[in-house]
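Architecture and fold: a report
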Amino acid sequence: MIAFSLFVAWHIFASFLWIAPPSPLREVVPAKMLSGYMLPMFGQSWSVFAPEPINGDYRIKVRAVTNASGEEQVTEWVDATEVELSMIQYNLFPPRAGLGAYEVASQLKGSFDKLTDDHRVIAGLNYFDEDWQSRLEQKMKGYGQPELVDAYVKAEAQALAYSSQVAFAMWGQENVVRVQYQVTRQNIVPFAKRHDPEAERPPVQHVTTGWRGTVVRDGQNSAAFEDVFVRQYEKIQQEGTK
Amino acid sequence: MTKQHLPQTNRPIRTAWIFLKLLFSHLVGIAKTVVVSIASALDSWLLDSRKALYGIAVTRMLLGLSALGLLLSNYSTRLYSFGSGSVWNGEVIEPKSDFPKIWLFSLFHRAITNDYTYSLLYIALIALAVLVIVGWRTRIVLPAFLVMWVSFIEANDMLGDQGDNMFRIAVLIMLFMDTSRRWSFDAKRRDKQKSSADQSVPGQLGNLLHNLGLVALTAQVCFVYASGALYKAGGAPWSGGYAVYNPLQTERFGTWPVLSDFVTSWGPMVAVATWGSIIIQFAFVFLLLTRPTRIIGLIGILSFHIGIAVLMGLPWFSLTMVAIDSIFIRDRTWKGMSARVQHLALKARTLASGAASREI
């Protein structure tokens, strides 16, 4: 009985240290011992919306160069975030399908913001011919801070794998030659100005990246992506024209 | 000559010494009694019976309902968000969570690229959630459900939220508890067999594990609320009393824009909601201590969660939290509620049959 009780006492103490904001009290238990016990089973983080809640919208738009009739053409932008978010708006039981584009955009923006100006200039160039991913990475690393470049290249690979799916769904995989995405963040009207009819939202922050080759990961089922994305896209088109 | 004086000069010191000794042994006696009675109270609280059996049964049902709700509301888009349509997120090659790397929890992760297997597993998980709700063979079903659930939800880190963590931790603790003693198929079956072994040695061990689980779950949820408040308290929008406005104005967390504008229109209400969130979270553990304040605490936290569920589009996160808070409602209150519902049902039935017989 004592053994069980002592174990639970340890569990509660460890949970307390893990859940509470970091404080000098954590020195009582070696950090490795604490994380070794808590992870992965008791992994959690409760700094949700703290110290400041989110106050802006992330978006990702996608366009492509297509080659349907033997002639290359640039498509219109498709707002993937709008398509997905429409699944969760005014829906008491929203599917998590509505969150992917938002997460892709927010992760990409986060890693792009950490880059230096030199890196960002490179990101704005076009890279789509053979070996473009490693050439882009090499060029960026020429300007130092390889760990930031690694994080960015990873986020970009994800954004491109997503954008490629959007492009395939919209214009057909066989037609898409290369893609471009546009990630933005725009803050909301500040609380104090919410009743001001003149109030405008702060300017849109852009992530500027060039044209890229498509990225398709092994095992990706483009049809499964297309089914949902196109259905939802057509749904909001119809609602828009009503 | 000095020898004669010694006892005289020493007498007051001696008296004081004896007094102190007596006092000390008396105090030790009191301390011993206190320790012994606390220990025996603790002993009997831990060993004599299982506490909050109705509350934990409600927790089981609501957690099952939360899982079922999440699975059903994602059913038609499951391949897009979690299955073969979501391989672009890179988790098939390099999972972000540790769970897919653990054999038992890699079930769903391994099935992502196979639509047929994935859907089969998904439907099996739905079935397990239903069995958890009705409390059928819980000792076997609940561990199986936990393994499958974790393997499902952790295979995609990108779309997860903290509700998933809370859910996993709560169900893990509940494996050591008696969650189907009340309001379950297990209870019905046991009633027929009429075997109650609460006072036997294995029965006492069961009581101990159940009650320790209850303590751990209580600590978990209280820490979560209190630390949530501490984290927030430092932020300017929170201390400024307008923090709830911000997420409600974004597209991601303001899923009912018209409603968001409506509830954030009147400033004082925004401040009440903002500060109220912090106060109710921080005060929750203290409010639990007495019955009248407990009622205030539970109603407060329930409205907090209903707000999150509806306005921010996080119903399953909220239901998970509400499910766990159910353990703080006394068995007597749950029994009373159930009796009232049964009474109403009976009344409705007699009224209906009365009406039916009149029609004939």
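Just above sits the structure.
My aim in this report is to walk through the structure given alongside it, one point at a time. (Residues numbered from 1 in each chain as written. Chains lettered and ligands numbered in written order. Predicted model: local features only at pLDDT ≥ 70, side-chain atom pairs only at ≥ 80, totals over all residues. Heavy atoms only, no water.)

Helix and strand counts for chain A stand at eight helices and five strands. Reading chain A from its N terminus to its C terminus gives the helix and strand order α-α-β-β-β-α-α-α-α-α-β-β-α. Computed over C-alpha atoms, the radius of gyration of chain A comes to 23 Å, more than 25% over the 18 Å expected from 2.2 N^0.38 for 242 residues, which places it beyond the range of a compact globule. With respect to the principal axes defined by its C-alpha atoms, chain A has extents near 80 × 50 × 40 Å. Buried positions account for 47% of the 242 residues belonging to chain A. Long-range pairs, those at least 24 residues apart, make up 65% of the contacts in chain A with a sequence separation of at least 6. For chain A, the accessible area works out to roughly 12,200 Å², and carbon and sulfur atoms hold 52% of it. (Helix = DSSP H or I, 4+ residues; strand = E, 2+ residues; numbered from the N terminus. Rg over C-alpha atoms; globule rule 2.2 N^0.38 Å. Buried < 20%, exposed > 50% of the residue type's maximum accessible area, 1.4 Å probe, protein only. Contact = heavy atoms within 4.5 Å. Areas by Shrake-Rupley, 256 points an atom, 1.4 Å probe, with all protein chains shown as cover.)

All names here are of chain A. Turning to its location among the elements, Q73 is positioned in strand 2 (residues 73–74). For the pair formed by Q73 and A50, sequence separation is 23 residues and the distance between their alpha carbons is 46 Å. Discounting chain neighbours no more than four positions away, the residues touching Q73 are A64, V65 and T66.

This part covers the interface of chain A and chain B. Contacts between the two partners involve 71 residues from chain A, matched on the other side by 87 residues from chain B. Three residues stand out in chain A for area buried against chain B, namely M41, W46 and R96 of chain A, and they jointly supply 13% of the buried area on that side. In this assembly, chain A and chain B are joined by four salt bridges. The partner of D164 of chain B in a salt bridge is R96 of chain A, with the nearest N and O atoms 2.9 Å apart. Among the elements that line the side of chain A that touches chain B, the one with the most residues is helix 1 (residues 2–19) of chain A, at eight residues. (Buried area = accessible area lost by both parts, 1.4 Å probe. Salt bridge = Lys/Arg side-chain N within 4 Å of Asp/Glu carboxyl O.)

Attention now moves to a nonpolar patch on the surface. Taken together, the side chains of W17, I18, F19, L20, L22, L23, L27, I30, V34 and I38 of chain B make up a nonpolar region of the molecular surface, amounting to roughly 1,000 Å² of accessible area. If you trace the backbone, I30 of chain B turns up in helix 1 (residues 2–47). (Patch = residues over 30% accessible without salt bridge, like charges linked within 9 Å, V, L, I, M, F, W, Y side chains within 5 Å.)

Residue and element names in this part refer to chain B. Of note, S277 is situated in helix 13 (residues 267–287). Residue S277 is classed as buried on the basis of its relative accessible area of 8%. A polar atom in the side chain of S277 sits 2.7 Å from the backbone oxygen of A273. Setting aside residues up to four positions removed in sequence, S277 forms contacts with W238, V272 and F304. (Polar contact = N/O pair within 3.5 Å; in protein donor to acceptor, adjacent residues only side chain to side chain.)

Turning to unusual backbone geometry, a few remarks are in order. All names here are of chain A. Between L39 and P40 the backbone carries a cis peptide bond, its omega angle lying at -5°. Its place among the elements puts P40 in the loop between helix 2 (31–38) and strand 1 (56–66). In this chain, A50 is followed by P51 through a cis amide linkage whose omega measures -5°. As for its position among the elements, P51 is in the loop between helix 2 and strand 1. Here the phi dihedral of Y90 falls at roughly 50°; this positive angle occurs in a residue that is not glycine. Note on placement: Y90 falls in the loop between helix 3 (80–88) and helix 4 (100–113). For Y90, a relative accessible area of 44% puts it in the partly exposed group.

Let us look at the pattern of salt bridges. Going through the model one piece at a time under the given rule, you end up with 16 salt bridges over all chains. Residue K101 of chain B pairs with D98 of chain B through a salt bridge whose shortest N-O separation is 3.6 Å. For K101 of chain B, a relative accessible area of 54% corresponds to the exposed category. R168 of chain B is paired through a salt bridge with E154 of chain B; the nearest N and O atoms lie 3.1 Å apart. Taken as a pair, R168 of chain B in helix 7 (residues 162–174) and E154 of chain B in the loop between helix 6 (138–153) and helix 7 lie far apart in primary sequence, 14 residues in all. When sorted by exposure, R168 of chain B lands in the same class as E154 of chain B, which is buried. Look at the salt bridges and you will find they share partners, linking R59 and D79 of chain A together with E251 of chain B into a network.

In this section: the nonpolar core. In terms of nonpolar packing, the biggest core is built from 152 residues, with I60, Y162 and F229 of chain A together with F145, W149 and F152 of chain B touching the most fellow members. When residues of this core are assigned to their parent elements, the largest contribution, 14 residues, is made by helix 7 (residues 146–171) of chain A. Two domains each donate at least three residues to this core, and these are domain 1 (1–44) and domain 2 (56–240) of chain A. Non-local contacts of Y162 of chain A, meaning those with residues more than four positions away in its chain, are made with I60, A80, E84, A101, V104, F225 and F229 of chain A together with Y80 and W88 of chain B. Among the nonpolar cores identified, the runner-up in size contains six residues, and V189 and F191 of chain A together with V244 and Y245 of chain B belong to it. (Core = buried A, V, L, I, M, F, W, Y, C linked by side-chain atoms within 4.5 Å. Domains from an automatic or database assignment.)

This part is about the pairing of strand 4 (residues 176–187) of chain A. All names here are of chain A. Relative to strand 4, strand 1 runs antiparallel, the two sharing 11 bridges. Note on strand 4: the bridge partner recorded for I60 is V183. Pairing between strand 4 and strand 5 (residues 205–207): three bridges, direction antiparallel. Note that in strand 5 the partner of T184 across the bridge is H206. (Pairing = 2+ DSSP bridges.)

Tracing the backbone through its elements, the reader meets S151 of chain B in helix 6. Look past the residues within four positions of S151 of chain B in its chain and what remains in contact with it is F105, S106, L107, F108 and H109 of chain B.

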